[in-house]
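# Structural description and commentary
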Amino acid sequence: EMERPPFPPFTAESAAQKARAAEDAWNSRDADRVVLAYTPDTKWRNRNEFPVGCEQVHGFLVRKWKRELEYRLIKEVWAFGGNRIAVRFAYEYRDDSHNWFRAHGNENWQFDEAGLMEERHASINELPISEADRLFRWPLGARPADHKGLSDLGL
């Protein structure tokens, strides 16, 4: 069986490491890489989709990143305890007509003893933004270590 440190129970430091690892993986926009962090029978709620298992999650992510272009994400731990972490996040993307959006959301995560995510519950709101209002302008991929987080950006 796969293992994905850090493992529960989480501390402030290990919860932050888990959130940053998730952020970096999602910013890769590589569904093959991202699904490695989930249990084979992972259960998700994401807006109006409810994928179960890595195959459905993979399909969800492939569809997501085909329509959410130039995707850049920041996550921040909100709370943690035991084998659960709550994060808030924001991401920016454009559609194929060059309309920009910023999505804001919260995720509740539950992990197994191997550090793999068993459950992911996401609530997400998004709004259109102008290109000039974008805040996430680093090159595609992982957010640079010196780039501000959500709180420092006032989000």
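Overview of the structure. Fair warning: this is a prediction, and the values are worked out from it, not measured in the lab. (Residues numbered from 1 in each chain as written. Predicted model: local features only at pLDDT ≥ 70, side-chain atom pairs only at ≥ 80, totals over all residues. Heavy atoms only, no water.)

## Let's talk about helix α3 (residues 53–67)
With 15 residues, α3 should reach 21 Å at 1.5 Å per residue; the first-to-last C-alpha distance of 22 Å fits that figure. Buried residues of α3: Gly53, Val57, Phe60, Leu61, Lys64 and Trp65, and no others. Buried residues of α3, viewed axially, fall in a sector of 120°; they line one side. Opposite the buried face of α3, at more than 90 degrees from it, the exposed residues are Glu55 and Lys66. (Helix = DSSP H or I, 4+ residues; strand = E, 2+ residues; numbered from the N terminus. Expected span 1.5 Å × (residues − 1). Buried < 20%, exposed > 50% of the residue type's maximum accessible area, 1.4 Å probe, protein only. Arc of directions from axis to C-beta.)

## Points about the sheet that holds strand β4 (residues 100–111)
Spatial ordering of the open sheet is given by β1-β5-β4-β3-β2, a layout of five strands whose pairing is mixed. Looking at strand neighbours, the two that pair on one side only are β1 (38–46) and β2 (69–81), the edges of this open sheet. Neighbour-to-neighbour, the strand axes of this sheet turn through a mean angle of 20°, independent of strand direction. Sheet analysis places strand β3 (residues 84–94) next to β4, joined by eleven bridges and oriented antiparallel. Counterpart to phenylalanine 89 in the pairing with β4 is glycine 105. In this fold helix α1 (residues 12–28) packs onto β1, β2, β3, β4 and β5 (117–129), with an angle of close to 165° to the strand it touches most, β2. (Pairing = 2+ DSSP bridges. Axes fitted to C-alpha atoms, helices over the stretch in contact; angles between N-to-C directions. Contact = heavy atoms within 4.5 Å.)

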